[in-house]
Amino acid sequence: MTAPQQTGKTIPLVDLKVQYHNLGSPIDAAISRVLQRCDFILGKDVRLFETEFAAYCEVPHAVGVGSGTDALHLACRALGIGPGDEVIVPAMTFASTAFGVSLTGAWPVLVDVRSEDALIDPARIEDAISSRTRAIIPVHLYGRCADMDAIQSIASRHGLAVIEDAAQAHGATWQGRRAGGLGDIGCFSFYPGKNLGAYGDGGMVTTRRSDIAQRVAMLRNCGSLQKYHHDDIGLNSRLDTVQAAILRVKLKFLDEWNGERRRRAMYYTRALESAGCQCMPAGEGSVWHLYVVRVRGRDRVLSSLQAQGIGAGIHYPFAIHELKAYRALGYGTGEFPVAEQWARRSLSLPLYPELSHDDMDRCIAALKTAVAQVEDAP
Ligand SMILES: *Cc1c(COP(=O)(O)O)cnc(C)c1O
């Protein structure tokens, strides 16, 4: 099979440069104000961004932390989860969902996902609950909320906490309510490529519970709320003031950007559903962090796309139990068949708010070509 030749520039999976090009001067000014104040650690912009992000998520409390991974770890710690405990995690997600659990010494217990949208399958959760289970971590993967009604009712029946992994779901809604305020704790990442991204690492824990907000604020700051009074063994995982200043500028555009993502996702779906691609369901409150399709012969389709200058990616090529880091969990191949099928079949097309329609048309044409080539191959 010869891949068609690349014409023109490569279309990236995510384009951070175009956003900086559009917002450069307010961002430069925000950074410069921090440099002049020199309040680098837990400065004014951290406090203001925490207040603004809490209001955005419709919760009373938000605590800025060093990353999404740390947000998940600190959420578990704040609930007192540790060695001997189990936490339920979907088998298809970014590895950090499970790391947040493992870093406390607790054990992630995997549950398979749904075939239609790669989100944790509520029908399989109860089988995974034991006397050691403390919490469930639904992941709003690709920007779409997990079935929070079903998950909440299972959690309350068994006395479990619910920690949302909202790292891909800034602004997503479930029945009109914002992600991050749907469970006991919400965890966000501001990794640069997320819907709301910093210019470095960052994260946030959101909650309605003041006791949890206080514990996260203490644990992220070396276990102290008052200088040199260390109440617990903590991390150094504070949201950087420069990043908070940047995020305050960007938060004002988040809804507009999510709308642009949604319109582009609908455009892709209209064009691709007829071309033999399995697209994600429309999903009312999704913020389309990624545009994921499932195709047969995924690896060959991906190489063809790359040869045609399309920066497609895979999210994610392995289910959690297939990762080397998690061999010790003792799960075998075939144990989470739906997650494994997502890992084998999914690919992500370029998607960002500034993506042009001409570039989308190029992606669509390239994918149709690639799919047809794979079908024709012996
Ligand atoms: C990005 C991401 C994380 C981790 O966030 P970091 O800020 O990179 O540590 C956790 N869970 C999911 C689902 C993610 O997409």
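As shown above, the structure is provided for reference.
First things first, this report covers the structure right here in the doc.

Thresholds applied
- Residues numbered from 1 in each chain as written.
- Predicted model: local features only at pLDDT ≥ 70, side-chain atom pairs only at ≥ 80, totals over all residues.
- Heavy atoms only, no water.
- Axes fitted to C-alpha atoms, helices over the stretch in contact; angles between N-to-C directions.
- Helix = DSSP H or I, 4+ residues; strand = E, 2+ residues; numbered from the N terminus.
- Parallel < 35°, antiparallel > 145°, perpendicular 65-115°, else oblique.
- Left-handed = near helix turned anticlockwise from the far one by under 90°.
- Contact = heavy atoms within 4.5 Å.
- Nonpolar A, V, L, I, M, F, W, Y, C, P; charged D, E, K, R; others polar.
- Phe/Tyr/Trp six-rings, centres within 6.5 Å; stacked < 30°, edge-to-face > 60°.
- Buried < 20%, exposed > 50% of the residue type's maximum accessible area, 1.4 Å probe, protein only.
- Lys NZ or Arg CZ within 6 Å of the ring centre and 35° of its normal.
- Near = heavy atom within 4 Å.
- Polar contact = N/O pair within 3.5 Å; in protein donor to acceptor, adjacent residues only side chain to side chain.
- Areas by Shrake-Rupley, 256 points an atom, 1.4 Å probe, with all protein chains shown as cover.
- 1 Å grid on protein atoms, 1.4 Å probe; cavity = no way out; pocket = protein on both sides within 12 Å on 5 of 7 lines; lining within 4 Å.
- Sits in = over half its atoms within 2 Å of the grid points.
- Pairing = 2+ DSSP bridges.
- Points joined across faces, edges and corners; volume = space filled by probe spheres on them.

**A word on the packing of helix α10 (residues 298–307) against helix α12 (residues 357–376)**
Direction vectors running N to C along α10 and α12 enclose 135 degrees, while the axes themselves pass 9 Å from each other. Of the possible angle classes, the one that applies to α10 and α12 is oblique. Between α10 and α12 lies a crossing whose hand is right-handed. Contacts between α10 and α12 involve R300, V301, S304 and L305 on the former and, on the latter, A366, L367, A370, V371, Q373 and V374. Across the contact of α10 with α12, the residue classes tally to seven nonpolar, two polar and one charged.

**Overview of the packing of aromatic side chains**
Following the criterion strictly, the structure yields 13 aromatic pairs and no others. Plain terms: the ring middles of Y20 and Y199 are 6.0 Å apart, the flat faces sit at 75 degrees to each other, and that makes the pair edge-to-face. Residue Y20 is found in helix α1 (residues 16–37), and its partner Y199 is found in the loop between β8 (185–189) and β9 (203–207); the two are separated by 179 residues along the sequence. We classify Y199 as partly exposed; its relative accessible area is 33%. Relative to W342, the ring of Y142 lies with its centre 6.2 Å away and its plane at 45 degrees, an arrangement referred to as tilted. Of this pair, Y142 sits in the loop between β4 (133–136) and α6 (148–158) while W342 sits in helix α11 (residues 337–345); the two residues are 200 residues apart in sequence, bridging distant segments of the chain. For the pair shown, Y142 and W342 are each scored as buried. Among the aromatic residues, those joined into a ring-pair cluster are F49, F53, Y56, F188 and F190. Across the ring face of Y56, the terminal group of R178 is positioned such that the distance to the ring centre comes to 3.9 Å. In this structure, R294 packs its charged tip against the face of W342, placed 3.8 Å from the ring centre.

**Digging into the site of the ligand**
Looking at the ligand, there are 16 residues lining it, with G68, T69, D165, S189 and K194 nearest. Contact distances for the ligand include 2.7 Å between an oxygen atom and a backbone N or O atom of G68. Between an oxygen atom of the ligand and a side-chain N or O atom of S189, the distance comes to 2.6 Å. Coverage of the ligand by the protein amounts to 93% of the 380 Å² it exposes when considered alone. Here the ligand is seated within the largest pocket. Secondary-structure elements contributing two or more residues to the shell around the ligand are α3 (68–78) and α4 (96–102). Among the elements that take part in the shell around the ligand, α3 stands out by supplying three residues, more than any other. Of the residues assigned to the shell around the ligand, the class counts are five nonpolar, nine polar and two charged.

**What about the sheet that holds strand β12 (residues 278–279)?**
The sheet built from three strands is open, its strands ordered β12-β13-β14 with antiparallel pairing. Pairing within the sheet leaves two strands with one partner each, and these edge strands are β12 and β14 (346–349). Sheet topology note: the β12/strand β13 (residues 291–294) ladder contains two bridges and is antiparallel. Looking at β13, one finds that C279 is bridged to V293.

**Concerning the packing of α1 against helix α8 (residues 241–251)**
Direction vectors running N to C along α1 and α8 enclose 135 degrees, while the axes themselves pass 9 Å from each other. The angle between the axes of α1 and α8 places the two elements in the oblique class. Between α1 and α8 the crossing geometry is right-handed. From α1, Q19, L23, P26, I27, A30, I31 and V34 reach across to α8, where they touch T241, V242, A245, I246, V249 and K250. Split by residue class, the contact of α1 with α8 holds 10 nonpolar, two polar and one charged.

**A closer look at empty space enclosed by the protein**
In this approach the atoms are scanned with a rolling probe the size of a water molecule, which exposes any empty space left behind. Following the criterion strictly, the structure yields two cavities of 30 Å³ or more and no others. The volume enclosed by the largest cavity comes to roughly 130 Å³. Elements with a minimum of two residues in the lining of the largest cavity: α1 and α9 (254–272). Among the residues making up the lining of the largest cavity, the classes are represented as seven nonpolar, four polar and five charged. Quantified by volume, the second largest cavity comes out at close to 40 Å³. Lining of the second largest cavity is provided by Y142, R144, M280, P281, S286, W288, L290 and V292. Taken together, the residues of the lining of the second largest cavity sort by class into six nonpolar, one polar and one charged.

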